[in-house]
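Letter by letter, the chains look like this.
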Amino acid sequence: MGSNPQAAVSLLTNIARAALGLGAGATLLSSSLYTVDGGQRAVIFDRFRGVLDVSVGEGTHFLIPWLQKPYIFDIRTRPHTFASNSGTKDLQMVNLTLRVLSRPDVPNLPTIFKSLGLEYDDKVLPSIGNEVLKAVVAQFNADQLLTERPHVSALVRDSLIRRARDFNIILDDVAITHLSYGAEFSAAVEKKQVAQQEAERSRFVVARAQQEARAAIIRAEGESESAKLISDATASVGMGLLEIRRIEAAREISATLAKSVNVAYLPTGNNMLLGLNTAGR
């Protein structure tokens, strides 16, 4: 019976050792494994060899604990937006907002990690974006940024894609999402529009006055031509036309007087003697 306690203690000791060994093994195994999810790549840092030249793809992988450490990169396309205040060729300030879709160049992930780190895009894109925007905008006048916006966007896109390639970053899309001018330029544009409207109104008033003057000239020419025709007709007919007009006028006058009850007609040779009828008085 004295040996039973010793056996129990030995058994418990063995169990504890086994559990400790299993725990250490599980910890060692856990630290030897790492997982790369979909849309990600891993770069391995080795304490003796530095950053390994090959990136690791998706899945669960082994590494040497303490000696190696994985750094996970997201290789999916991500949006970035930043603003820039740039000067135009005619010294006007313009505010632009640029949106880019970027992703790392996967074969060059070790180079990106060594030179820029995991936050490579936040370090590079705002800097080169402002640089490209200022360089492109400086080539155009303020009004050309509106009239030639597709051309400006194309220049910005091509230049920014080339600059991003220098840092092993791929840009899938580049677009200018906002463009606005300073208060001084906006006020100048408004004044210019008002001046153009006033000029258009003045041109309309002048054109209407010219049309009215032309109409008056045509009317005067018509009246002059009519008077000339009447004069010519009178000259060709002679005094006969005037005599006819006088006879017609006398006929109208006699017809009017014949209707009056207060007038009497007494013939005296070739003339008529007019008198008032007083019988009714």
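Refer to the preceding data block for the structure.
Calculation criteria
Residues numbered from 1 in each chain as written. Predicted model: local features only at pLDDT ≥ 70, side-chain atom pairs only at ≥ 80, totals over all residues. Heavy atoms only, no water. Helix = DSSP H or I, 4+ residues; strand = E, 2+ residues; numbered from the N terminus. Contact = heavy atoms within 4.5 Å. Areas by Shrake-Rupley, 256 points an atom, 1.4 Å probe, with all protein chains shown as cover. Pairing = 2+ DSSP bridges. Expected span 1.5 Å × (residues − 1). Buried < 20%, exposed > 50% of the residue type's maximum accessible area, 1.4 Å probe, protein only. Arc of directions from axis to C-beta. Salt bridge = Lys/Arg side-chain N within 4 Å of Asp/Glu carboxyl O. Axes fitted to C-alpha atoms, helices over the stretch in contact; angles between N-to-C directions. Phe/Tyr/Trp six-rings, centres within 6.5 Å; stacked < 30°, edge-to-face > 60°. Lys NZ or Arg CZ within 6 Å of the ring centre and 35° of its normal.

Novice: Any details on the overall build of the chain? Residues and values, ideally.
Specialist: Within the chain, the secondary structure is distributed over 7 helices and 10 strands. Residue pairs in contact within the chain that sit at least 24 positions apart in sequence constitute 64% of those at least 6 positions apart. Split by element, the accessible area of the chain, about 19100 Å² in all, is 59% carbon and sulfur.

Novice: Run through the sheet that holds strand S2 (residues 40–46), naming residues and quoting values.
Specialist: Read from one edge to the other, the open sheet built from 3 strands follows the order S3-S2-S5, with strand pairing classed as antiparallel. Strands with a single pairing partner mark the edges of an open sheet, and in this sheet they are strand S3 (50–51) and strand S5 (68–74). Relative to S5, S2 runs antiparallel, the two sharing 7 bridges. Along S5, the bridge assignment pairs Asp46 with Gln68.

Novice: Account for helix H5 (residues 149–165), with residues named and values stated.
Specialist: With 17 residues, H5 should reach 24 Å at 1.5 Å per residue; the first-to-last C-alpha distance of 24 Å fits that figure. Listed in full, the buried residues belonging to H5 are Val152, Ser153, Val156, Ser159, Leu160 and Ala164. With its buried residues spanning 140° around the axis, H5 presents them on a single face. For H5, the exposed residues set more than 90 degrees away from the buried face come down to Pro150 and Arg162. In this fold, the buried residues of H5 make contact with strand S7 (93–104), helix H3 (120–137), helix H4 (144–147) and strand S8 (169–181).

Novice: For the pattern of salt bridges, give the residues involved together with the corresponding values.
Specialist: Considering all chains together, one arrives at 10 salt bridges under this definition. A salt bridge links Asp105 to Arg165; the nearest nitrogen and oxygen atoms lie 4.0 Å apart. With Asp105 in the loop between S7 and helix H2 (109–115) and Arg165 in helix H5, the pair connects residues that are 60 residues apart, well separated along the chain. One salt bridge connects Asp166 with Arg163, and the closest N-O pair in it is separated by 3.1 Å.

Novice: Which residues make up the sheet that holds S7, and what values go with them?
Specialist: Across the sheet, which stays open at both edges, the 3 strands sit in the order S6-S7-S8 with antiparallel pairing between neighbours. The sheet is open, and its two edges are formed by strand S6 (78–87) and S8, each paired on a single side. Averaged over all pairs of adjacent strands, the angle between strand axes in this sheet comes to 20°, irrespective of strand direction. Sheet topology places S7 next to S8; 11 bridges connect them, and they run antiparallel. The partner of Arg103 across the bridge, within S8, is Ile170. H3 contacts S6, S7 and S8 of the sheet and is inclined by roughly 35° relative to S6.

Novice: How would you explain unusual backbone geometry if you had to name every residue and give the values?
Specialist: Positive phi outside glycine occurs at Trp66, with the angle close to 70°. Mapped onto the elements of the fold, Trp66 is located in the loop between strand S4 (59–62) and S5. At Leu91, a residue that is not glycine, the phi angle is positive and equals roughly 65°. One can find Leu91 in the loop between S6 and S7.

Novice: Kindly report on the environment of Thr35, identifying the contributing residues and their values.
Specialist: Relative to the helices and strands, Thr35 resides in strand S1 (residues 33–36). A residue is classified by how much of its surface remains accessible, and Thr35, at 47% relative accessible area, is partly exposed. Between the C-alpha atoms of Thr35 and Ile72, which are 37 residues apart in sequence, the distance is 9.3 Å. Excluding residues within four positions of it along the chain, Thr35 makes contact with Gly59, Thr60 and Ile72.

Novice: Before we move on, could you go through the packing of aromatic side chains and cite the residues and values that matter?
Specialist: Aromatic rings in a pair are described by how distant their centres are and how their planes are angled relative to each other. Here the structure, examined in full by the defined rule, presents 3 aromatic pairs. Pairing Tyr71 with Phe113 gives two aromatic rings, centres 4.6 Å apart and planes at 40°, and the pair type is tilted. Residue Tyr71 is located in strand S5, and its partner Phe113 is located in helix H2; the two are separated by 42 residues in the primary sequence. Among the residues examined, Tyr71 registers a relative accessible area of 22% and is labelled partly exposed. Judged by relative accessible area, which is 16%, Phe113 ranks as buried. Ring pairing ties together the aromatic residues Tyr71, Phe73, Phe113 and Tyr120, which thus form one cluster. The positively charged end of Arg47 is found above the aromatic ring belonging to Trp66, 4.7 Å away from the centroid.

Novice: Can you break down the pairing of S6 residue by residue, with the values?
Specialist: Relative to S7, S6 is paired through 10 bridges, and the arrangement is antiparallel. Residue pairing in the sheet places Ala83 in a bridge with Thr97 of S7. With antiparallel pairing between neighbouring strands as the criterion, S6 and S7 make up a hairpin whose turn holds 5 residues, including Leu91 at a positive phi of roughly 65°.

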